[in-house]
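# An overview of the molecular structure
So the chains spell out like this:
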Amino acid sequence: NKDFTEAPNNYVEGFFGALLGGIIGGVIAFVLYMVGFVSAISAFVAALLGAYFYKKFHGKPNVVMIVIVAVTTLGCMAASVVVIYTAAAAIGAEDAGVVMGAIEAFRFCMQDAEFSGMFYSDLAMSMMFSVLGIGYQIFVLAKSIKRKKAIQ
């Protein structure tokens, strides 16, 4: 316990591990969305891999790890929805023969009530499912970081 307490936290390295897991989960969310699914699986995988890579990148497995992994996963899941809709807006602009960048096309499409409604609806569903996936992973991580006080 003393060695664990005195070990360096390595939060930055751990964050990059969590970010790697979040990006992988975001890619899974993107692929699932393209085939018509919004689910907790991508967030669960992102949190699972985020915790794994957090430890592999020498982050200290403590309460801060849980917070970093959860927040990073949630951010990556939200970013995946933004990327999906930005790509859809860019494709729509290209199909319409309008020359504009992807972000500009996204801003333009967000002025349309139907497009923005779908965006916010999918973002809310993604966040809801992400919280479910992350919640389970938080439960597992919280159990895994408990340290024994005494040897029995």
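Rules used in this analysis
- Residues numbered from 1 in each chain as written.
- Predicted model: local features only at pLDDT ≥ 70, side-chain atom pairs only at ≥ 80, totals over all residues.
- Heavy atoms only, no water.
- Core = buried A, V, L, I, M, F, W, Y, C linked by side-chain atoms within 4.5 Å.
- Buried < 20%, exposed > 50% of the residue type's maximum accessible area, 1.4 Å probe, protein only.
- Helix = DSSP H or I, 4+ residues; strand = E, 2+ residues; numbered from the N terminus.
- Contact = heavy atoms within 4.5 Å.
- pLDDT = per-residue confidence, 0-100.
- Phe/Tyr/Trp six-rings, centres within 6.5 Å; stacked < 30°, edge-to-face > 60°.

## Topic: the nonpolar core
Val81, Ile84, Tyr85, Ala89, Ala93, Ala105, Phe106, Cys109, Met110, Phe115 and Phe119 together form the largest nonpolar core, which totals 11 residues. Of all elements in the fold, only α4 (63-95), α5 (102-109) and α6 (113-145) reach the threshold of two or more residues within this core. Ranked by residues supplied to this core, first place goes to α4 with 5 residues. Filtering out sequence-adjacent residues up to four positions away, Tyr85 remains in contact with Tyr33, Phe106, Phe115, Met118, Phe119 and Asp122. Counting 10 residues, the second largest nonpolar core, distinct from the first, contains Ala18, Tyr54, Met65 and Leu141.

## Some remarks on the confidence of the model for the chain
Across the chain, the average pLDDT comes to 87, with 91% of residues at 70 or higher. Considering each helix and strand of the chain separately, the mean pLDDT is smallest for helix α1 (residues 2-6), with a value of 62, and largest for α5, with 94.

## Notes on unusual backbone geometry
A positive phi angle is found at His58, which is not glycine, with a value near 70°. Note on placement: His58 falls in the loop between α3 (41-56) and α4. The exposed category is assigned to His58, whose relative accessible area is 58%.

## What about the packing of aromatic side chains?
Within the structure shown, the criterion is met by 10 aromatic pairs. Ring plane angle 50° and centroid distance 6.2 Å describe the contact between Tyr33 and Tyr85, whose orientation is recorded as tilted. Here Tyr85 lies in helix α4 and Tyr33 lies in helix α2 (residues 11-34), a separation of 52 residues in the sequence. Centre to centre, the rings of Phe44 and Tyr136 are 5.8 Å apart; their planes meet at 40°, and the pair counts as tilted. Note that Phe44 is positioned in helix α3 and Tyr136 in helix α6, a separation of 92 residues in sequence. Judged by relative accessible area, Phe44 falls into the partly exposed class, the value being 28%. An aromatic cluster is built from Tyr33, Tyr85, Phe106, Phe115, Phe119 and Tyr120, whose rings are joined through pairwise contacts.

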